[in-house]
Amino acid sequence: MPLLSSDDRREVRTDLAWAISVGGIGIVAFASLLLFAWYFAATLFLIFAGMLLGVALNAVTHLLGHVVRWPHWLRLAVVCLALATLLSGVIFLGGTTIAQQATALSNTIKSQLVNVKAFLDNNGIDTSYFELGNPASGSSAPASPGTTTPPRSLPGAGTLASSGGAIVSQTLKLLLGTLSAVGNFFIVIFLGLTFAAQPSVYRNGLLYLAPAKYRARTTIIIDRISDTLERWLIAQIAVMAAVFAVTWLGLAVIGIPGSFILGIQAGFLAFIPTVGAIVAGLIVVLASLASGWIAAASAFGLFLGVHALESYVLTPILQRQALDIPPATLFAFQILLGVVFGIWGISLALPLMAIVKVLIDHFKAEPPVADAAPA
């Protein structure tokens, strides 16, 4: 083995030091990115939800473009006006009914949960951790026969003050939670409208961030992600509408109270694969128990039929050109994101998985060479 000259050894040491420095910077940058995503996950998911809404509006606008040859902004305005009119009609025409059914459904589910807890308690199953139907803290046990209940004195000023503070605290917490939910809703609406109004501006901005020699490959990746999400969202909207209609009409035929609101929640939960169907079916069965076991069994059979229609008919037909992700892989990804990020992770696991799949398919199919032609 030939000996290296001093200049060659110096060059090797310089290259090694440069590689170690670049690797260290890369590791620190990646760790910083993970830390940033961990602390600001809710905000990032909120922005991603706004982007999905923008993609959905843009997809519907493109579909309208096959019918009429109007400018993009005019078609988007027509789509937004149609959606606002539909939502306003549902609120004004059925708002009272929806509110009444939602209240009755909430009370029914609570009472059924208490009944289920009592049934489990009677059969020797400890359900104390459920905290359902427990008496309020501080309440005394029933007095045994032959004992007299001591007279109750009026609460003191300290008790009244603490009770008033607890009421104010709970009211403030409820108010802040409501304001946060309403604020998040309008943030998603605003982001969706801005993304849909000028999609080329944000697309060109992403391309500008890519290095010049990889800009062609970045363009292909961004266009494939956009196309995949658009086709998936259009198919998902059709699936959600079908689940809503079948659930609503089926429960109405069975005679389950609150069939309309149950159909709405089933349609919205159809956006979340696997987990959403399980939650929707559980809610439907619990709400049906108040009408008797026959109605509950019929509702459970309807849920199985709707789930089979969604999983084996609608989804394969409508999404065969959009996504092809194994159910076990998707469910494991949902559980992972749900444990780490909560409801946001479960709700947005599928579109995130779709983006990851597009990236993996692209880099598996393309040879690992730069886009620039050789000199």
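Before reading on, note that the structure itself is shown above.
The shown structure was predicted, so the numbers you read here are calculated from the model rather than taken from an experiment. (Residues numbered from 1 in each chain as written. Predicted model: local features only at pLDDT ≥ 70, side-chain atom pairs only at ≥ 80, totals over all residues. Heavy atoms only, no water.)

Asker: A description of empty space enclosed by the protein should follow, citing residues and the corresponding values.
Answerer: For the coordinates displayed, the defined rule picks out one cavity of 30 Å³ or more. Considered as a void within the structure, the largest cavity measures approximately 150 Å³ in volume. Surrounding the largest cavity, 16 residues form its lining, Thr247, Ala266, Ala280, Phe303 and Val306 being those nearest its centre. Elements represented by at least two residues in the lining of the largest cavity include exactly helix H6 (215-254), helix H7 (259-269), helix H8 (275-288) and helix H9 (293-318). Tallying contributions element by element places H9 first for the lining of the largest cavity, with six residues. (1 Å grid on protein atoms, 1.4 Å probe; cavity = no way out; pocket = protein on both sides within 12 Å on 5 of 7 lines; lining within 4 Å. Points joined across faces, edges and corners; volume = space filled by probe spheres on them. Helix = DSSP H or I, 4+ residues; strand = E, 2+ residues; numbered from the N terminus.)

Asker: Break down the layout of surface pockets for me, citing the residues and quoting the values.
Answerer: Put simply, the largest pocket is a space of about 2,200 Å³. What lines the largest pocket is a set of 41 residues, and nearest its centre among them are Leu53, Leu87, Phe185, Met240 and Phe268. Secondary structure elements with two or more residues in the lining of the largest pocket: helix H2 (41-65), helix H3 (72-122), helix H4 (157-197), H6, H7 and helix H11 (343-347). Looking at the lining of the largest pocket element by element, the count peaks at ten residues for H3.

Asker: Could you give an account of the side chain of Thr218, naming the residues involved and the relevant values?
Answerer: Tracing the sequence through the fold places Thr218 in helix H6. In this structure the side chain of Thr218 is engaged in a polar contact, spanning 2.8 Å, whose partner is the backbone oxygen of Tyr214. Sequence-distant contacts of Thr218, that is, excluding residues within four places in its chain, are made with Leu207 and Ala210. (Polar contact = N/O pair within 3.5 Å; in protein donor to acceptor, adjacent residues only side chain to side chain. Contact = heavy atoms within 4.5 Å.)

Asker: So, the pattern of salt bridges: which residues are in play, and what are the values?
Answerer: On inspection of all chains with the given rule, the structure shows three salt bridges. For Arg203, the salt bridge goes to Asp223, with nearest N and O atoms at 2.9 Å. Of this pair, Arg203 sits in helix H5 (residues 199-209) while Asp223 sits in helix H6; the two residues are 20 residues apart in sequence, bridging distant segments of the chain. Its relative accessible area of 33% is what places Asp223 among the partly exposed residues. (Salt bridge = Lys/Arg side-chain N within 4 Å of Asp/Glu carboxyl O. Buried < 20%, exposed > 50% of the residue type's maximum accessible area, 1.4 Å probe, protein only.)

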